[in-house]
Amino acid sequence: CLLTSLPHGVMRMSTDKEGLVETSSNMATVDLDLMQDSKSPHAEIVCTTRSSLSHALEDVRGAIASLCKVCGAQVEQPESYPGWHPNPDSKILQLTKECYKELTGKEAEEVAIHAGLECGIINERCNGVDTVSFGPTIRGAHSPDERVQISTVKPFYDLVLRILARLAG
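Since the model is a prediction, treat every value here as computed from it, not as a measurement. (Residues numbered from 1 in each chain as written. Predicted model: local features only at pLDDT ≥ 70, side-chain atom pairs only at ≥ 80, totals over all residues. Heavy atoms only, no water.)

As for the nonpolar core
Threshold: To define a nonpolar core, start from buried Ala, Val, Leu, Ile, Met, Phe, Trp, Tyr and Cys residues and group those joined through side-chain atoms within 4.5 Å. We call a residue buried when its accessible area falls under 20% of the maximum for its residue type, exposed when it is over 50%, and partly exposed in between, using a 1.4 Å probe and counting protein chains only. The helix and strand labels rest on DSSP assignments: H or I over at least four residues marks a helix, E over at least two residues marks a strand, and numbering proceeds from the N terminus. We call two residues in contact when some of their heavy atoms are within 4.5 Å.
If you look at the biggest cluster of nonpolar residues, it comprises six residues: Leu-2, Leu-6, Met-27, Val-60, Ile-64 and Cys-68. Counting residues per element, this core draws most heavily on helix H2 (residues 54-70), which supplies three residues. If near-sequence neighbours (up to four positions away) are discounted, Val-60 is found in contact with Pro-7, Met-11, Thr-23, Ser-25 and Thr-49. Core analysis: the next-biggest nonpolar cluster, separate from the first, contains five residues, Ile-92, Leu-95, Leu-159 and Ile-163 among them.

In structure tokens form, the structure reads like this:
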């Protein structure tokens with residue numbers, strides 16, 4: 001009953017950015033342990049839930065916990081990764097775009113992704129401080145194949161220095 005009832009996939013699309021997933025849940029792993037000293041099998045189900053909106057994230061996590069309890073399963077939910085809803089009117093975003101154009105002569109490309117970002121943690125702990133996320137080009141993130149495109153590291157570093165210099169006044 002539990003495996004077929006758990007939310008899995010896209011729960012909601014963003015109303016702000018076309019084609020961007022806002023909230024999703026992924027049944028990441030199912031580990032069945034047929035313990036020798038137990039009369040019944042033990043299963044561990046790991047669900048990865050993400051959202052750019054903290055309340056939507058907690059709604060899905062709450063639904064998962066309720067389903068588990070109804071099915072007689074023990075529930076353990078570690079602290080969630082807080083959502084981050086980017087602000088298109090952000091002053092730091094505008095500054096970052098200006099500095100990028102000064103360095104490259106090109107307009108910066110704004111891209112939103114459906115992933116857990118440190119900006120959510122920073123916003124939560126620093127009471128909504130203005131944040132932006134950018135970096136060098138990474139391929140295969142969080143996998144044994146993860147690698148950085150070396151040619152993008154120095155331009156990224158130069159951009160960070162330029163932004164800090166402008167913030168320092």
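Observations regarding the pattern of salt bridges
Think of it this way: side chains of opposite charge can pair up when their charged atoms draw near. Keep this limit in mind: One speaks of a salt bridge when a side-chain nitrogen belonging to Lys or Arg is within 4 Å of a carboxyl oxygen belonging to Asp or Glu.
Going through the model one piece at a time under the given rule, you end up with eight salt bridges. Note that Glu-102 is salt-bridged to Arg-166, the shortest N-O span being 2.7 Å. Taken as a pair, Glu-102 in helix H3 (residues 91-104) and Arg-166 in helix H5 (residues 153-168) lie far apart in primary sequence, 64 residues in all. A residue is classified by how much of its surface remains accessible, and Glu-102, at 44% relative accessible area, is partly exposed. Among the salt bridges present, the one from Asp-158 reaches Lys-154, with a minimum N-O distance of 2.9 Å. With Asp-158 and Lys-154 both in helix H5 and four residues apart, the pair spans about one turn of that helix. Owing to a relative accessible area of 54%, Lys-154 belongs among the exposed residues under this scheme.

Focus: the pairing of strand E2 (residues 21-33)
Both faces of the sheet carry side chains from a regular strand, because those side chains alternate between them. What counts, and what does not: Here, strands pair whenever DSSP counts at least two bridges between them.
Examined bridge by bridge, strand E1 (residues 9-13) and E2 share four bridges and lie antiparallel to one another. If you follow Val-10 over to E2, its bridge partner there is Ser-24. Relative to strand E3 (residues 42-51), E2 is paired through 10 bridges, and the arrangement is antiparallel. Paired with Ser-24 across the two strands is Arg-50, which belongs to E3.

Quick word on the packing of aromatic side chains
So the rule is basically this: Note on aromatic pairs: the rings of Phe, Tyr and Trp (six-membered ring only in Trp) are paired at centre separations within 6.5 Å, and the planes decide the class, stacked below 30 degrees, edge-to-face beyond 60, tilted for the rest.
One pass over the structure, following the stated rule, counts one aromatic pair. Taking the centre distance of 5.5 Å and the plane angle of 65° together, the rings of Phe-134 and Phe-156 count as edge-to-face. Taken together, the residues span a long stretch of sequence, with Phe-134 in the loop between helix H4 (118-125) and strand E4 (138-139) and Phe-156 in helix H5 at a distance of 22 residues. Looking at Phe-134, the relative accessible area reads 33%, which means it is partly exposed. For Phe-156, a relative accessible area of 26% translates into the label partly exposed.

Re the environment of Val-132
Note on placement: Val-132 falls in the loop between H4 and E4. Taking relative accessible area as the criterion, Val-132 reaches 23% and is therefore assigned partly exposed. Sequence separation between Val-132 and Asn-87 is 45 residues, and the spatial gap between their C-alpha atoms is 8.8 Å. The residues touching Val-132, leaving out its near neighbours within four places in the chain, are Trp-84, Ile-92, Leu-93, Thr-96 and Cys-119.

On their own, these measurements won't tell you what the molecule is for.
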